[in-house]
Each structure stands twice: as structure tokens, then as C-alpha cells.
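Working through the structure, step by step
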Amino acid sequence: MNADPLDLDGHEMVIQCRDAGSGLRAIIAIHDSSAGPAMGGCRIAAYPSTAAALTDALRLSRGMTFKNIMAGLPHGGGKSVILLERPEDKTPALLLAFAERVNGLGGRYITGEDVGSTVADIQLMRKVTPHVRGIPENGPGDPSPMTALGVFVGIRKAVLHRLGAETLTGLTVAVQGLGAVGSRLCGLLHDVGARLVVADVDPARAREAADRFGAAIARPEEVHGARADVFAPCALGAVLDAGTIRALGAAVVAGGANNQLATAQDGARLAERGILYAPDYVINAGGVISTALEGPGYERGELLRRVHGIADTLGEIFEHAIADGVATSAVADRLALGRLEAARHARRSA
Ligand code: NAD
């Protein structure tokens, strides 16, 4: 982040929301709206400090700018965080007070589900603002199935590129995290005959995957080192650092988690080890594509076409990485910044 405290990581607008009546404490961060109204979910969490919440909001909203522009969506990047002291502080009054703040922005920021917020929360917010997405009645609803599909087609592209494998049948994929995205991804992989190694901090989830898919179970802290063709992080961020990269057992890293690289240098570390990394904000964009297409003109065929398009974008990144001898993460950032500059130029000239 820039040393100037007022720079706020290059954000266009950062808003602090407080409401004494409901106890609301929230931050809405709009990183860049050159490509269109900022879109990104509302995270609800107990943060250790306001500074930690602000850092999270800024990091996530900047990430949404990159994700949305690489998915070719007419949206900029934004994110909001609601700070709770305790989980029971998430009350309807607090959610409605937050929705009023979103509404006050007049559509500059569109919110939706994220960690800690549910479809029911968003449906409640819809009572006071139209600037929400992820309403099942208006389209595809839960974005996780499309996130999982995007990761699946991305894995197919990556193994073709790195291993020359035309099919996933008989290949082994190690999946870390068996939640909404990871468990669906396991289903798609199992259907095409891939072998699975799975891990989750919740042992019941790992056992369920073992029963349903015949998966082998690995310990959560060791799954990245499992002997596999692909490692698919689908749990936490920052799972790829100097230590885990050294221990990686797969030639391809392609999964749904956000912010997989602990630092920017870790993209280069993966490339140095000859491991093909599918940049997270490109491969996991299926959910945001699903959310963006929600509304009166929603067509499932168009949604599927665009989610399958993630494989083409990855293919382009992989080719550039070879041609220029740089890491795939660096190529993705470069492409995203180029598109962003073009969107900024178009807005200035409009
Ligand atoms: P989720 O909360 O449904 O599932 C996460 C799973 O990971 C849980 O089963 C949890 O027990 C497990 N887990 C947590 N820590 C772990 C660890 N150290 N090792 C192994 N397992 C662990 O979340 P989700 O919606 O499936 O999202 C997973 C990741 O994908 C997150 O990083 C999220 O930000 C990202 N993502 C999700 C979507 C979406 O559509 N849901 C879209 C884009 C990105």
C-alpha cells in the first residue's frame, strides 16, 4: 500500500458507515468504477480492529476490480465489510441500516453475498435497495455452482497446457476445502473419472467426500504436498508461500480460493519450480459472472458460455507467460491493468 495514509490503495471512494440505533459499523470501499458500477459482496466478520477491517475491505475491493475486468464484465471493483463484535450482533435492523447506506450511493456500488452473509441477508437488504445481487428469484441465485464450474474448466485447460492431457480421467486432483465451491468441484471431477485427495478442517466434510467420491483423505496442513497432478485450493487465502510452494506435490495449481498467493513474489516462485499457476481472480470468476448476469435478461445458455470462456482467458495468460518468460500471475496483472487503463481512457473520452 502507498505510504500516503490518504491514498487508501488507490481507491476512488471509501465510506465509513455507522448507525447508533442498530449498532452498524461498516466500510464500503469502491476501488475503481471505470468499467461500470462497482460490484463485490458484503463480508460480515468479527475483526480484531477497525484497521484490520479497512485493510481487508481495500484488498478485497481492489481484487474485485481485477476479477471483474478480466471476466469482461461491465463492472468496477468494490467490496464492503460489516464489523461485528459477536455473531449474534448480525440483526435485521443492522442489515437494513447497511442496505440504506448502499442505497444512498444510488447504484455506484452493488453488493451481494460473501463470507458471513447469506442469501437470506441479501433478500432482506433488497427490501430497501435494488442495488443487491444474488436473489434466486431473479436468476441463477447461489454463485458457488458457477464458481466450481469455472474452476473445473480452468483445471482442464491447465492440465492440457502443462501436462498435455486431453482429459482429466485418471488424473489426481488434491482439493483443499470442501465447502460450497470445493464440494461441487469434487462432484464435477468425480463425474469425469478424476481421482481425488481431499482435506478439510471439518473431518465430517472430508469423510463425506471419501464416501461419495471414493476420495483419499489428507491432513489439512499437508494436502498441498499430496502426490497429485493438480492442487486445487478452495479454502483460505495466502496458502501459497515460500514453504508450501517448496512442498507442493502437483505440477498445476488451480483452485477457487481468493488471494491464494501470500505475496506477489510467490507467483514467481511457482514459475521457478515449473508449476503452472492459474491466477485465482481469473479462474474463480464464475460466481461473479453468475451474479452480474442476474436480472430480467438472464439466460442460462449465455451464463454457461461466459463461464466456459474462463478457459480461453487462462489459455491466453498461459501463452503470454511462455512467450515472455514471466509468471502467469504477472501476466494476469499486466492484462488486467491494461484493460483497466483502456476503461479509464474510454471513460475520460466519453
Ligand atoms: P465455504 O465456507 O463454503 O467452504 C470453505 C471450506 O474450507 C469449509 O468446508 C472449511 O471447513 C474449509 N477450510 C477452512 N480452513 C481450511 C483449511 N485450513 N484446510 C482445509 N479446509 C479448510 O467457502 P466457499 O464458498 O466454498 O469458498 C471457498 C473459497 O473460494 C474462499 O476463498 C472464497 O473466498 C472463494 N470464492 C468463493 C466463491 C463462491 O462462489 N462461493 C467465489 C469466488 C471465490
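In this report, we go over the structure that sits alongside the text. (Residues numbered from 1 in each chain as written. Predicted model: local features only at pLDDT ≥ 70, side-chain atom pairs only at ≥ 80, totals over all residues. Heavy atoms only, no water.)

Some points on the packing of helix α11 (residues 300–324) against helix α12 (residues 328–349)
Filter applied, for reference: Helix axes are fitted only over the stretch in contact, all axes being lines through C-alpha atoms; the angle between N-to-C directions runs from 0 to 180 degrees. Helix and strand assignments come from DSSP, with helices taken as H or I runs of at least 4 residues and strands as E runs of at least 2, each series counted from the N terminus. The labels follow the angle: roughly parallel below 35 degrees, roughly antiparallel above 145, roughly perpendicular from 65 to 115, and oblique for the rest. In a left-handed crossing the near helix is turned counterclockwise from the far helix by less than a right angle, and in a right-handed crossing that turn is clockwise. Residue contacts follow a heavy-atom distance rule, with two residues in contact if any of their heavy atoms lie within 4.5 Å. Each residue gets one label: Ala, Val, Leu, Ile, Met, Phe, Trp, Tyr, Cys and Pro are nonpolar, Asp, Glu, Lys and Arg are charged, and the others, such as Gly, are polar.
Remark: α11 packs on α12, axes separated minimally by 9 Å, with the N-to-C direction vectors making an angle of 110 degrees. Compared by their axis directions, α11 and α12 come out roughly perpendicular. The two elements α11 and α12 cross, and the hand of that crossing is right-handed. Where α11 approaches α12, its residues E316, I317, F318, H320, A321 and D324 are matched on the opposing element by T328, V331, A332, R334, L335 and R339. Residues of the contact of α11 with α12, tallied by class, amount to six nonpolar, two polar and four charged.

A look at the packing of helix α4 (residues 144–163) against α11
Across the interface, α4 lies against α11 with an axial gap of 9 Å and an inter-helix angle of 35 degrees. Like other packed secondary-structure pairs, α4 and α11 cross with a definite hand, here right-handed. Here M146, L149, G150, V153, G154, R156, K157, A158 and H161 of α4 come into contact with α11, specifically with R300, L303, L304, V307, H308, I310, A311, L314, G315, F318, E319 and I322. Classifying every residue of the contact of α4 with α11 by side-chain character gives 12 nonpolar, five polar and four charged.

Things to note about the layout of surface pockets
To keep it simple, the criterion reads: Cavity: a set of points on a 1 Å grid over the protein atoms alone where a 1.4 Å probe fits but cannot get out. Pocket: an open set with protein on both sides within 12 Å along at least five of seven lines, its lining residues, like those of a cavity, having an atom within 4 Å of a point. Grid points are joined across faces, edges and corners, and a volume is the space filled by probe spheres set on the points.
Looking at the second largest pocket, its volume works out to about 250 Å³. At the level of secondary structure, the elements contributing two or more residues to the lining of the second largest pocket comprise α4, α8 (265–272), β12 (276–277) and α11. In terms of residue class, the lining of the second largest pocket is made up of 10 nonpolar, five polar and one charged.

Overview of the environment of I110
As a reminder of what qualifies: Buried residues are those whose accessible area, probed at 1.4 Å on protein chains only, stays under 20% of the maximum for their type, while exposed residues exceed 50% and partly exposed ones sit between those limits.
Structurally, the position occupied by I110 is in strand β6 (residues 109–110). On the basis of relative accessible area, I110 is assigned to the buried category, the value being 5%. When the C-alpha atoms of I110 and L270 are compared, they prove to be 35 Å apart, with 160 residues separating the residues in sequence. Among all residues touching I110, those that are not within four sequence positions of it are P37, A38, M39, G40, H75, H131, V132 and R133.

Regarding the pairing of strand β1 (residues 13–19)
So the rule is basically this: Strand pairing requires that DSSP identify at least two bridges connecting the strands.
Sheet topology places β1 next to strand β2 (residues 24–32); seven bridges connect them, and they run antiparallel. Bridging from a neighbouring strand, V14 pairs with A29 of β2. Hairpin connection of β1 to β2: four residues between the antiparallel strands, including G23 at a positive phi of 85 degrees.

Considerations on the environment of S117
Applied cut-off: Polar contacts, as counted here, are pairs of nitrogen or oxygen atoms within 3.5 Å of one another; within protein the pair requires one atom able to donate a hydrogen and one able to accept it, and residues that are adjacent in sequence qualify only if both atoms are side-chain atoms.
Position of S117 relative to the elements: it lies in the loop between β6 and α3 (119–125). Since its relative accessible area comes to 5%, S117 is described here as buried. The sequence separation of S117 and L270 amounts to 153 residues, and the corresponding C-alpha distance is 33 Å. Here S117 is in contact with C42, I44, K90 and G112, once residues within four sequence places are set aside. Within the structure, S117 has its side chain in polar contact with the backbone oxygen of C42 (distance 2.8 Å).

Overview of the site of the ligand
Condition: To be near a molecule or strand, a residue needs just one of its heavy atoms within 4 Å of it. The accessible surface values rely on the Shrake-Rupley method and a 1.4 Å probe; as for residues, cover is taken only from the protein chains in view.
Taken together, the neighbourhood of the ligand is formed by 22 residues, with T147, V181, D200, R205 and A235 sitting nearest. T147 places a polar side-chain atom, nitrogen or oxygen, 2.7 Å from an oxygen atom of the ligand. For the ligand, an oxygen atom lies 2.6 Å from a polar atom in the side chain of D200. In isolation the ligand exposes 830 Å². Once the protein is present, 73% of that is buried. Contributing elements (two or more residues each) for the shell around the ligand: α4 and α5 (180–191).

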